[in-house]
Each structure stands twice: as structure tokens, then as C-alpha cells.
Amino acid sequence: MQPATRSIAVAGPASAALRHRSARTATTPFICLGCRSVQRKKQRRPFSGTVSTQTNLRAGLTKLTSRRLISVSGPDASKFLQGVITNNINAPHNANGFYTGFLTAQGRVVHDVIIYPDDLGPEPGKQSFLIEVDADEAATLHKHIKRYKLRSKFNLKLLDPEERALYHSWNDVDQAGPWTKLIDEVQKDGNARAVPDPRVPAFGSRVVVNQTSSSSSLTEGVLTPESSYHLRRFLLGIPEGQSEIISGTALPLESNMDVMNGIDFRKGCYVGQELTIRTKHRGVVRKRVLPCILYSEGAAPEIPADGPGQLEALEKLLKPEVEQGVKAEIIPQGASIDKVDKKSRSAPGKWLRGIGNVGLALCRLEVMTDTVLPGETPGTYSPEQEFVVSLGGEEGSEVEAKKVKVKAFVPFWLRDVWRIEAEKAEEERRMREELLRDRGLDVE
């Protein structure tokens, strides 16, 4: 007996979509939301543009088509967000915008976001916020918030790019250069807002433009390709979006959210807090997302010394391909990074995403870098040790057997954060010992 097919006659703007839906039969397999999310990740759109010899990573302005905005406004907006994000929405230093994340109850990252106060909206001054999220996952986050809204009083809207446009600017060369003047000009009518990127001070600034009421606009002709923004982000070791911070799998500390000002360890309860706090105070973060350089045969590229000049020197190492037909875009997400001619029991790293000959990977610090973990002796790292990552492909194929070498490094800003944290910990230890001595107690 054949299954019955139901046909629906529909008129109106949504008729095409509904006719397509009605054409499915009762035998159509059901696909759960989790599997659909996996399918979407496999169909990620590639980065626009390619690595060019003209790329300038030290000054630019680009439109972020890879990001979208969600509006949350109403009396309970602040209270609701405070209970579901890792950062403190009420902290004074977060007044202009802050980086944060939504976690699962098990402490895994669902979405990494930047939240801004929405003073460009129809009701400025009231509790209104803009949530910046990965464009591919904006609809998913919108549904996630709507599901847990319950009786909270706030309005939720996924904004179209025509309503609010998002840009990113950076200028390491001339602070009074053309990009800065252009942004100042757009802000004159009060419908644009420039905010320093809250993750890494050296990264640049976010610019939110209200497209519906702004009298001036940033034309496409003066913009830098978005691929330049991603290249700069990769070289600074800043993961972004669910292609790099894997939804439901990635841990916030391994994804650098703590060192990018995305977690307030002193705020009250929020979803996923327990594991995050325990890892911070009792555990050791052995893996981090780090920038990587891909290369073929020959000596490994010489990574420039730490300091603000590191990015300028790294720019000279950029290539559109590692070798003929081989580039970072074809390496599958999650590909294991192994030692050359040595098979470890657990892979020292996993590839995430890249462009040309650079990208990001989740790396075991004591194996792939010279980092010494707190309270431990130096690991097994050796400058002579090389690592490789497979290009993937079908099993037994030529592509599957092809491998390229990869070299991870710690960006200068991350070493600075670790140095400051170590100095603070040493100062706290010294003050604690002095307090014990003053009380006549033994110092162990």
C-alpha cells in the first residue's frame, strides 16, 4: 500500500516554500536538529577572496558579511542575558560592549558572541542590546533564546543586513589615516557606533551602522576584502564562529575565551558555570586554539619574535597556496595533527580552519609550543620536531595520503596575558606568605 500524499493549495508570498513542503510524502525521513546542524557545518561557505600579495594586514576597513546581529530589547533583557552568558552584563567596563558566550549545561560552547548596548535603535536609553553572532548560526541562536525566554518580557528580532551593517576597522600604521577619518565621518550623523574589539586590544574596532536612518554610508569601493580581516584574525590566534569554536564540543578556556575577556569568574550563576569555574581554579588548560603556518618540504618558517611587530613580520610569510593545488581551505575541519614519522596515542592537535598557508588549530601546548604550564616542568616540545596534517579525501586516494607540515606559535598578545597573570599570581603568593608570617604561622 502506497503512502498517502497530501497536497495543499496556497496563495501569497510564501506559496513556493509551502508547495515545496507539501510535495514531501509521509515516508520522508525525519532529521533531528542536531543532525541538521552537522549538515550545515559540512556545507559552510568558503571565505570570500584569496590571499594576495597586496594584502595589508596593518590597516583596513571591511564589511563583515560573515556576522549578523540579533536585537534583544525590553524590561527583562538584561536580567535574562545575565543568566545565560559567561560575562557580566552589568560590569562598568562592559558598558560599551563585551565578548561572551552561551554554554550548554555541561560547560561546552554553543555560541560565541559580542554584545553591544543598542543606542541606535528606535528606543535609545531603554534596555536594548545587539548580539553579534556567526551568520550561519544566527537563526539557531535566535531559536535558542526564544526557547528559553519563557515569561521574560523582551522583544527578540533577527536583524536583516539592510537594517544594521557590521564593519571592522584596524590601523596599526597611522592613527589619523584614511580609515579613521572615514569612520569619524560616518559617525557624525549619530547613526553609527565604533567600539574597540573587546577580545584583543591590538585587533581593531567594530563599527555598527544603522542602515535605515544613516545619511552616509561606507561604499564597497573603499572597503578591504573580508579575507584580510580573517587573515589578521588567524595570525593573532582569535577563533570566531562555530567553524572554529565547535558548537556543543569546544570548551571556553581551550577556545581562549578567558584570555579574550569573555568570562567573568566572579559573577553569579549562569548556564555552564560549574565546569568552567572548576577548570579555572582546579585544572590546567593543556590545549589552546593557536595560529599555525603551513609549509611543504624544507625548513620550518622562522616565526618572528614576540611583540607588536610580530604581525608585520608574519605578513611577509603569507602565500595563496602551500604548494601547487594545496591550501588551507581544503584541509577538513577536525583533521588530526601528528608528529612526523611518529604516531602518538593522542593527536597533539586538530585543525580548525584557514586561508592560503595560515589557519587555526587546537594545539596541545607542551607538545607543539615551548609553553611551560603552571606548576609543571617543561613538556616534550622540541624545536626540531615537525608536525603534519592530512588533506583528507577518500580513503586510499592520493589526496587522502597527501600531508603538509604545520607549525603552531603563540601570538605576542597571549604571551603578554600569561606574563601578567603569572606576575599577579606571584604577588598574591607573596602577600599570602607575609600574612601567614605576621600571624606566626608556618609557611609551607
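Residues numbered from 1 in each chain as written. Predicted model: local features only at pLDDT ≥ 70, side-chain atom pairs only at ≥ 80, totals over all residues. Heavy atoms only, no water.

> Outline the side chain of H142, listing residues and values.
Within the element layout of this structure, H142 appears in helix 4 (residues 138-149). Excluding residues that lie within four positions of it along the chain, H142 makes contacts with I70, L156, K157 and L158. (Helix = DSSP H or I, 4+ residues; strand = E, 2+ residues; numbered from the N terminus. Contact = heavy atoms within 4.5 Å.)

> Account for the pairing of strand 2 (residues 67-73), with residues named and values stated.
Most of strand 2 is tucked away: six of the seven residues are buried. Of the pairings in the sheet, the one linking strand 2 to strand 5 (residues 128-134) comprises seven bridges and is antiparallel in character. Bridge pairing in strand 5 places S73 opposite S128. Examined bridge by bridge, strand 2 and strand 6 (residues 155-158) share four bridges and lie antiparallel to one another. (Buried < 20%, exposed > 50% of the residue type's maximum accessible area, 1.4 Å probe, protein only. Pairing = 2+ DSSP bridges.)

> So what's going on with the confidence of the model for the protein? Which residues, and what values?
For the protein, per-residue confidence averages 81 on the pLDDT scale, and 77% of positions sit at 70 or higher. Overall, residues 1-54 carries pLDDT values under 50, and its contacts beyond four positions in sequence, including any with other chains, amount to 43 contacts. (pLDDT = per-residue confidence, 0-100.)

> Give a detailed account of the sheet that holds strand 11 (residues 336-339), specifying residues and quantitative values.
A barrel is described by the order of its strands in space; here six strands give the closed sequence 10-13-12-11-14-15, paired in antiparallel fashion. The mean inter-strand angle of the sheet, taken between neighbouring strand axes irrespective of direction, is 45°. Taken together, the three bridges between strand 11 and strand 14 (residues 387-390) define a ladder with antiparallel strand orientation. Pairing of K339 across the sheet is with F387, part of strand 14. (Axes fitted to C-alpha atoms, helices over the stretch in contact; angles between N-to-C directions.)

> Describe in detail unusual backbone geometry, supporting the description with residues and values.
Located in the positive-phi region is L150, a residue other than glycine, with phi close to 55°. Within the fold, L150 resides in the loop between helix 4 and strand 6. Assessed through its relative accessible area of 75%, L150 is described here as exposed. With a phi close to 65°, N261 is a non-glycine residue in the positive phi region. Assignment of secondary structure puts N261 in the loop between helix 6 (226-235) and helix 7 (273-282).

> Break down the packing of aromatic side chains for me, with residues and values.
Enumeration according to the criterion identifies two aromatic pairs in this entry. Consider the rings of F203 and Y229, whose centres lie 5.5 Å apart with planes at 40°: the pair is tilted. In this pair, F203 sits in the loop between strand 8 (192-196) and strand 9 (205-210) while Y229 sits in helix 6, placing the two residues 26 residues apart along the sequence. The cationic tip of K149 hangs over the ring face of F154; the distance from NZ or CZ to the ring centre is 5.1 Å. Over the aromatic face of Y99 sits the side chain of R199, whose NZ or CZ is 5.8 Å from the ring centroid. (Phe/Tyr/Trp six-rings, centres within 6.5 Å; stacked < 30°, edge-to-face > 60°. Lys NZ or Arg CZ within 6 Å of the ring centre and 35° of its normal.)

> Please give an account of the nonpolar core that cites residues and values.
Core analysis: the largest hydrophobic core is formed by 54 residues, its most contacted members being Y116, L294, I331, W351, V389, V404 and W413. When residues in this core are grouped by element, the largest group, four residues, is from helix 11 (residues 412-438). (Core = buried A, V, L, I, M, F, W, Y, C linked by side-chain atoms within 4.5 Å.)

> Tell me about the pattern of salt bridges, and name the residues and values.
Evaluated as defined, the whole model comprises 28 salt bridges. Residue K405 is joined to E386 by a salt bridge in which the shortest nitrogen-to-oxygen separation is 3.0 Å. Here K405, found in strand 15 (residues 403-408), pairs with E386, found in the loop between helix 9 (365-368) and strand 14; they are 19 residues apart in sequence, far enough to count as distant. E433 serves as the salt-bridge partner of R437, at 3.7 Å between the closest nitrogen and oxygen. Residue R437 and its partner E433 are located together in helix 11, separated by four residues, close to a single helical turn. (Salt bridge = Lys/Arg side-chain N within 4 Å of Asp/Glu carboxyl O.)

> Provide a residue-level description of the pairing of strand 9, including the pertinent values.
Counting buried positions along strand 9 yields five of six residues, so the element is predominantly enclosed. Pairing analysis gives six bridges linking strand 7 (residues 164-171) to strand 9, with the strands arranged antiparallel. Each bridged residue has a counterpart across the sheet, and for R164 the counterpart in strand 9 is N210. Judged from the five bridges that link them, strand 8 and strand 9 form a sheet pairing that is antiparallel. Across the sheet, residue R193 finds its bridge partner in strand 9, namely V208.

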